[in-house]
Every structure is written in C-alpha cells, then in structure tokens.
Amino acid sequence: MLEQVITKVLQEMTGKGTEELKGVLYGVLSGYDITEKATELQRIDKSWEEELGAFLVRKRVEGRSERTIEQYNLHLRRMLRYLNKPVGEITDSDLFAYITMYKRQRGVSNVYLDNIRLVCSSFFGWLNAKGYIGKNPASGLDPIKAEKRIKKPLSDTELEILRRKCVLERDIALIEFLYSTGVRVSELVALNRRDIDFEEMKVVVYGKGAKEREAYLTAAACIHLREYLASRTDAGEALFVSLKAPHDRLTVSGVEEMLRKLGRSTGISKVHPHRFRRTMATNILNKGMPIEEVKEILGHVKLDTTLIYCQVSKENVRHHHRKYMSA
C-alpha cells in the first residue's frame, strides 16, 4: 500500500515543481484514513539470528573473504533490526522503504545503495531456496541505476612521482609489488615471505573463493622486494609488516593509510591499492596482451569484470582500426 501511494504521488508530480507538492499530497492523501503510528515501546524481534548465522556460515564455506562476510553481517543486521520482524513477514515494500530511508538519512551513492540491494537479494534468495521463507521479497527490487564514471588509472608520470617520493624501502617495494602483480590489497596482506619465488619472478596468490593463481613480478619489483626483506630485523613470516615493533603483519587499513599519505605528499588524488590494480590491467591491455590473459592475471571469473577495470586507450583503438581495416 505504501509503495502504491508513493507511486501515485510521483505520477501526479510529473512536470510539476516542489511548490506544488503540498497540493498534490493533499489531493492524493484525501482518499485515505491516516492515523499516527504507535510510538510505544516495541518488542525487539531477533528471530532472524539463526537464519542470518546459517547464511554467513554458508558464505564462509563458499570461500568468501572475512571482510566480505563482515560486510554481509553489517548490512543485514542493520536492515533486520530496522524492520524488526521475522524474515518470513518481510515484504518487498519493507525493503523498498528501508533502502529509501537509508539513502535519505546517510546520503550514500547509488552504487553503494545497489550493493545493499544485492546483499539483501543474496540473503533472501538463499532463505527462499532453503525453504526458510515461501517467497523472496528482494526479487521485486529493481537494480538501482548509478552514473557510470570512468575510473582513471595512474599515468606513467604519476607512477614515477610516487616512486620517487617513497623514502622507506618498504613503501617502494609495496607500490612496485602492487603495480607489478595487480593483486587485491586483501591478497597482498595475506602473503608470506615463502610465497615469493624470486627465481621464477612470481608469487602464488589465494584470491576470492580460495582460488589459487600465479601473479608475476617485474625486475624492479624483485629488486626492491629483496632489498626490503634484507633490511628487516624481525623474523616474522608476513611479506609486509608494520614499521614499529613487534612488526605485525601489515593490515588492509595500514596499506590504505600509507598510500593516502603518499598521495597527499605528492598532490596526486585517489592513491589507493585498487588503483594500482586498475593501472596494471589497463597498461598491459593497451600494450597488446589479450584480454583473456588479463582476466587470468586479475583472477576474475567473468570477462565483463575485467572490461570494467580497463580503460582502453583511444590512440590504440585508432591504431588497430587502421591496422585491421587497411586494404
């Protein structure tokens, strides 16, 4: 009912300005009996705890990273607490109202909002498939459209500036490693010294879904990594560690903060781990590597995902058009 009323208001507002909203609301709502919702204390429903726990276990078994599982847990608990009812009673209108409220109160982007929709869809779809609920309420939620912005890779000049600004051997080794291998930051911080094969100039990476793949090191990455490891005084097995004793394994947030500081010191915006991954993918694609091979290096399941990462050079497109279309 709530969604029907909202839809009717939106239809009546077509072509009208905000000044006319009050009149439209009076007109539409005059056909309804409106009563104030009770505000007395309500019992907090937590009947969904068992279903949520089972869902998260399933995601862990599927090989999802702990960071991904934490995000599932955060978004789903937030939604279930807000709706405060058993999962079998939640409707598509409830989910629509929640997403609308979330957007209004938190001012998040449509991309972020659609991720919440996808989390809800995964949860309720699984509940429906396993027989916990008779109908999937998230199936009625349409994808939330978002403006597609081209995420630019780092230029050759920006890469060189970042290299030259590094004072610590660890930092130059880290950015060379990120650029050379294109690994995800979660994969980077999980690596150990023994994972590196300097002779073959490669590293074994365990990616999403616990899938193993090889990533490759450039000569520069090998040199700086060797020098960094030789300079360390700790006996820790982690490939990259914090600067201060007891030199714990470097965390995702630690890597992100280091790169943010480096970016600020150079005046280069948006210096973060994923941008090195995007830069590597774009550069090797523009230099002629088949996109199927780029996909394997990045550890993607679908080719469409690889295409999103890579910004194809217009100059290369022109060159290849002339090459392949010439008489």
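Preceding this section is the structure that the text describes.
To keep things clear, this report deals only with the structure shown in the data block. (Residues numbered from 1 in each chain as written. Predicted model: local features only at pLDDT ≥ 70, side-chain atom pairs only at ≥ 80, totals over all residues. Heavy atoms only, no water.)

Here's the deal with helix α8 (residues 169–181)
And step 1. For α8, spanning 13 residues, the distance from its first C-alpha to its last is 18 Å, which sits close to the expected 18 Å at 1.5 Å a residue.
And step 2. In terms of burial, α8 is largely enclosed, as twelve of its 13 residues are buried.
And step 3. Those residues of α8 not exposed but buried are R170, D171, I172, A173, L174, I175, E176, F177, L178, Y179, S180 and T181.
And step 4. Looking at the residues trailing α8, positive phi occurs at G182, about 70°. (Helix = DSSP H or I, 4+ residues; strand = E, 2+ residues; numbered from the N terminus. Expected span 1.5 Å × (residues − 1). Buried < 20%, exposed > 50% of the residue type's maximum accessible area, 1.4 Å probe, protein only.)

So, the sheet that holds strand β1 (residues 196–197)
And step 1. Within the open sheet, the three strands sit side by side as β1-β2-β3. Their pairing is antiparallel. A single partner strand is all that each edge strand has here, and the edge strands are β1 and β3 (212–216).
And step 2. One ladder, built from five bridges, connects strand β2 (residues 202–206) with β3; its direction is antiparallel. Across the sheet, residue V204 finds its bridge partner in β3, namely E214.
And step 3. In the packing of α8 onto the sheet, contacts are made with β1, β2 and β3, and the angle to β3 comes to roughly 115°. (Pairing = 2+ DSSP bridges. Contact = heavy atoms within 4.5 Å. Axes fitted to C-alpha atoms, helices over the stretch in contact; angles between N-to-C directions.)

Side note on the pairing of β2
And step 1. Side chains V203 and V205 project from β2 onto a buried face, and the interleaved K202, V204 and Y206 project onto a face without burial.
And step 2. Relative to β2, β1 is paired through two bridges, and the arrangement is antiparallel. Bridged to D197 within β2 is K202.
And step 3. Between β1 and β2, which pair antiparallel in sequence order, lie four residues; one of them, M201, sits at a positive phi of approximately 55°.

Here we look at unusual backbone geometry
And step 1. Look at the link from A245 to P246: it is a cis peptide, with omega at 10°.
And step 2. Examined against the element boundaries, P246 turns out to sit in the loop between α10 (219–231) and α11 (252–266).
And step 3. Look at H247: it is not a glycine, yet its phi comes out positive at around 55°.
And step 4. Mapping H247 onto the fold places it in the loop between α10 and α11.
And step 5. Here the phi dihedral of K270 falls at roughly 55°; this positive angle occurs in a residue that is not glycine.
And step 6. Residue K270 is classed as exposed on the basis of its relative accessible area of 66%.

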